[in-house]
Amino acid sequence: MPCYAGGVDLDLPLDKLLAQTDANLKKGFRAIKMKVGRKSLGEDVARLAAMREHLGAEFALMVDANMKWTADQAIRAARAFTPYHPLWLEEPLIPDDVAGHARVLRDGGLPIAAGENLRTLWEFKHLIESGGVSFPEPDVTNCGGVTSFMKIAHLAEAFNLPVTSHGAHDVTVQLLASTPNCAYLEAHGFGLDRYIAQPLEIQDGFALAPSRAGHGIEFDWQRLAKEQA
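Residues numbered from 1 in each chain as written. Predicted model: local features only at pLDDT ≥ 70, side-chain atom pairs only at ≥ 80, totals over all residues. Heavy atoms only, no water.

Digging into the overall build of the protein chain
Part 1 of the argument: Check the secondary structure of the protein chain and you find 8 helices and 9 strands.
Part 2 of the argument: For 229 residues, the compact-globule formula gives about 17 Å, and the C-alpha radius of gyration of the protein chain, at 17 Å, lands near that figure.
Part 3 of the argument: Dimensions along the principal axes, computed over C-alpha positions, put the protein chain at roughly 50 × 40 × 35 Å.
Part 4 of the argument: In the protein chain, which comprises 229 residues, the share counted as buried stands at 50%.
Part 5 of the argument: Excluding contacts between residues fewer than 6 apart, the proportion of contacts in the protein chain whose partners are at least 24 apart in sequence is 67%.
Part 6 of the argument: Carbon and sulfur atoms provide 54% of the accessible area of the protein chain, an area that totals close to 11,100 Å².
Part 7 of the argument: Distance between charge centres in the protein chain, computed from 22 positive and 29 negative side chains, equals 3 Å. (Helix = DSSP H or I, 4+ residues; strand = E, 2+ residues; numbered from the N terminus. Rg over C-alpha atoms; globule rule 2.2 N^0.38 Å. Buried < 20%, exposed > 50% of the residue type's maximum accessible area, 1.4 Å probe, protein only. Contact = heavy atoms within 4.5 Å. Areas by Shrake-Rupley, 256 points an atom, 1.4 Å probe, with all protein chains shown as cover. Lys, Arg positive; Asp, Glu negative; His and termini not counted. Charge placed at Lys NZ, Arg CZ, Asp CG, Glu CD.)

What about the pattern of salt bridges?
Part 1 of the argument: Tallied over the entire structure, the rule returns 8 salt bridges.
Part 2 of the argument: One salt bridge in this structure joins Glu 90 and Lys 33, with 3.0 Å as the shortest N-O distance. With Glu 90 in strand E4 (residues 89-90) and Lys 33 in strand E2 (residues 31-35), this residue pair connects regions lying 57 residues apart in the sequence.
Part 3 of the argument: Its relative accessible area of 3% is what places Lys 33 among the buried residues. (Salt bridge = Lys/Arg side-chain N within 4 Å of Asp/Glu carboxyl O.)

Topic: the environment of Asp 193
Part 1 of the argument: Of note, Asp 193 is situated in the loop between strand E7 (185-187) and strand E8 (201-203).
Part 2 of the argument: Overall, Asp 193 belongs to the partly exposed group, its relative accessible area being 28%.
Part 3 of the argument: Residues Asp 193 and Asp 220, 27 residues apart in the sequence, show an inter-C-alpha distance of 9.5 Å.
Part 4 of the argument: Those residues in contact with Asp 193, other than ones at most four positions away along the chain, are His 169, Asp 170 and Pro 199.

Observations regarding the nonpolar core
Part 1 of the argument: Counting residues in hydrophobic clusters, the biggest one holds 56 residues, and the most contacted among them are Met 51, Trp 69, Phe 81, Leu 89 and Leu 185.
Part 2 of the argument: Formed by 9 residues, the second largest nonpolar core is a distinct cluster that contains Ala 31, Met 62, Phe 135 and Tyr 184. (Core = buried A, V, L, I, M, F, W, Y, C linked by side-chain atoms within 4.5 Å.)

Some thoughts on the side chain of Arg 52
Part 1 of the argument: By secondary structure assignment, the location of Arg 52 is in helix H2 (residues 41-55).
Part 2 of the argument: With no salt bridge to any partner, buried Arg 52 finds its closest opposite charge in Glu 58, at an N-O distance of 7.7 Å.
Part 3 of the argument: Excluding residues that lie within four positions of it along the chain, Arg 52 makes contacts with Ala 57, Glu 58, Phe 59, Leu 61, Tyr 84, His 85 and Pro 86.

Re the packing of H2 against helix H3 (residues 71-81)
Part 1 of the argument: One can describe the packing of H2 onto H3 by two numbers: an axis separation of 10 Å at closest approach and a directional angle of 30 degrees. By the angle between their directions, the pair H2 and H3 is classed as roughly parallel. Here the hand of the crossing between H2 and H3 comes out right-handed. Note on element contacts: H3 touches H2 through Arg 76, Ala 77, Ala 80 and Phe 81, opposite Leu 41, Asp 44, Val 45 and Leu 48. (Axes fitted to C-alpha atoms, helices over the stretch in contact; angles between N-to-C directions. Parallel < 35°, antiparallel > 145°, perpendicular 65-115°, else oblique. Left-handed = near helix turned anticlockwise from the far one by under 90°.)

Some words on the packing of helix H6 (residues 146-158) against helix H7 (residues 169-177)
Part 1 of the argument: Orientation of H6 relative to H7, taken along the N-to-C sense of each, is 40 degrees, at an axis distance of 11 Å. The angle between H6 and H7 places the two elements in the oblique class. For the pair H6 and H7, the sense of crossing is right-handed. Taking contact as the criterion, the partners of Val 146, Phe 149 and Met 150 in H6 are, on H7, Val 171, Thr 172, Leu 175 and Leu 176.

Here we look at helix H1 (residues 14-26)
Part 1 of the argument: If you check H1, its first and last C-alpha atoms are 19 Å apart, about what 13 residues at 1.5 Å a residue would give, namely 18 Å.
Part 2 of the argument: The set of residues buried in H1 consists of Leu 17, Leu 18, Thr 21 and Asn 24. Buried positions in H1, seen along its axis, are confined to an arc of 115 degrees and lie on one side of it. Facing away from the buried side of H1 by more than 90 degrees, the exposed set consists of Asp 15, Lys 16 and Lys 26.
Part 3 of the argument: Close packing links the buried residues of H1 with strand E1 (3-5), E2 and H2. (Expected span 1.5 Å × (residues − 1). Arc of directions from axis to C-beta.)

Here it is as C-alpha cells:
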C-alpha cells in the first residue's frame, strides 16, 4: 500500500520539522503529512514552502489542520497553500460543518481529506453527497470497525473517490489492500509499534500487508508485561 508518515509537529521549530522529515525518509517513507494551523497563516505558508523546497516538486506532501478553522479561514489558507501543491488539505473544519467542507473544496482550490472523526456510514454518505470531501478518511477505531470501514470504502468507490485512512495502521493496511480505490495508508502509531511483535514494514514508500492469518497483529506480551500496573 502507498503509505505516508503522519506526525504531531505543529509546534516543532522548522529545523526540527525538517529533521523529523529526514528521519521519515530514512525509514522508507515517500509521502509525508505536516500540520498547519499556527497563529499566523504566514508561518504556515513559510513552513510549507520550506518543506516543499526540501522534498522537491513531485514529492507527495499533505497538510493537516486538525479542525482549526472556520470555512472562510480555511478557504484563505487553501488558496495560500496552492502554489506549493499539497496533495490534500486535511480536516480544515469541525466534522459537523458539512456545508463548510463543500465551500472549502469548491472555493479553496485544494482537495480535501476528512472523516477521521465521523462515526457512521451515514455521516460519510452525507459528507460525500454534499461534495465536501475528495479523500474520505475513515478511522477503523472510530467508524464502527472493520465491516463499517469496508462499507465506507465501497461507498467512496461508488462516487469515484479514492479512500485513505486514519490511525490503527496495523489493522488498516489489510483493509486498504483489499480496496480497489485506495489512496494512501497513514502510518501514525504514537509509539505503539514497540508493543507489536512484527510492526508495519515500510519499503520504498509502500507498507507491506502481512500474510499472517486474520488481522495479522501479534503482540509482544513480554514488553507489554513491563507496563502492567
